Amino acid sequence: MRNMVEKMIRNWGTDVTVYHRGVPSTAKGVFVSTTSRSWQNMQNVFTELGETPRGQYNYIGAMEPVAEKGDILEVNNKRYLLRRAEVVYDRKGPLYRWGLCVERGGDDEWGNLM
């Protein structure tokens, strides 16, 4: 199972730079927008530059490099804060890392960590 997951990430993933405790590592990861019906995604945010969408993104990556809550992920020259991170297991042990991210920037206090 682990080989299949790693092959999927390698073949379908995009280049991701993981800033774990400030140290960058390059990896492949699946990084996709998450649609949600929660209240936070229905609210509009307006800044001086206009409306800003409040999106969340899922990250699926290999066990290495380590990606933990509070780390920064850089994808296509945009940075995202990893708000939640978990290791997903099968019966033989750890399979992959899963994370929930938000785009950094603006007045979002979560996004101004780095």
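Presented here is an overview of the structure given in this document.

Reading guide: rules and limits
- Residues numbered from 1 in each chain as written.
- Predicted model: local features only at pLDDT ≥ 70, side-chain atom pairs only at ≥ 80, totals over all residues.
- Heavy atoms only, no water.
- Helix = DSSP H or I, 4+ residues; strand = E, 2+ residues; numbered from the N terminus.
- Buried < 20%, exposed > 50% of the residue type's maximum accessible area, 1.4 Å probe, protein only.
- Contact = heavy atoms within 4.5 Å.
- Polar contact = N/O pair within 3.5 Å; in protein donor to acceptor, adjacent residues only side chain to side chain.
- Salt bridge = Lys/Arg side-chain N within 4 Å of Asp/Glu carboxyl O.
- Pairing = 2+ DSSP bridges.
- Core = buried A, V, L, I, M, F, W, Y, C linked by side-chain atoms within 4.5 Å.
- Phe/Tyr/Trp six-rings, centres within 6.5 Å; stacked < 30°, edge-to-face > 60°.

1. Examining the environment of Asp90
Then, in step 1: Here Asp90 is to be found in strand E7 (residues 78-90).
Then, in step 2: Using a relative accessible area of 25% as the deciding quantity, one classes Asp90 as partly exposed.
Then, in step 3: Along the backbone, Asp90 and Met1 are 89 residues apart, and their C-alpha atoms lie at a distance of 8.2 Å.
Then, in step 4: Apart from the residues within four sequence positions on either side, Asp90 is in contact with Met1 and Leu95.
Then, in step 5: A polar atom in the side chain of Asp90 sits 2.8 Å from the backbone nitrogen of Lys92.

2. Describing the pattern of salt bridges
Then, in step 1: The final tally for this structure, using the stated rule, is 4 salt bridges.
Then, in step 2: One salt bridge in this structure joins Asp15 and Lys28, with 3.3 Å as the shortest N-O distance. A residue pair is termed long-range when its members are at least 10 positions apart, and Asp15 in strand E1 (residues 14-20) and Lys28 in strand E2 (residues 23-34) qualify at 13 residues.
Then, in step 3: For Asp15, a relative accessible area of 47% corresponds to the partly exposed category.
Then, in step 4: Put simply, Arg84 and Glu86 hold a salt bridge, and the shortest N to O gap is 2.5 Å.

3. Topic: the pairing of strand E5 (residues 56-61)
Then, in step 1: Among the 6 residues in E5, 5 count as buried, and that is most of the element.
Then, in step 2: As paired elements, E2 and E5 share 6 bridges and run antiparallel to each other. Paired with Gly29 across the strands is Gly61, a residue of E5.

4. Quick look at the nonpolar core
Then, in step 1: The biggest cluster of nonpolar side chains holds 11 residues, and these are Val16, Val18, Phe31, Tyr57, Tyr59, Ala67, Leu73, Val75, Tyr80, Leu82 and Cys101.
Then, in step 2: Of all the secondary structure elements, the ones that give two or more residues to this core are E1, E5, strand E6 (72-75) and E7.
Then, in step 3: Here Ala67 is in contact with Val18, Tyr59, Leu82, Ala85 and Arg97, once residues within four sequence places are set aside.

5. Comments concerning the packing of aromatic side chains
Then, in step 1: Evaluated as defined, the whole model comprises 3 aromatic pairs.
Then, in step 2: Seen from their ring centres, Tyr57 and Tyr80 are 5.0 Å apart, and the 65° between their planes marks the pair as edge-to-face. Of the two residues, Tyr57 sits in strand E5 while Tyr80 sits in strand E7, which places them 23 residues apart along the sequence.
Then, in step 3: For Tyr57, a relative accessible area of 17% translates into the label buried.

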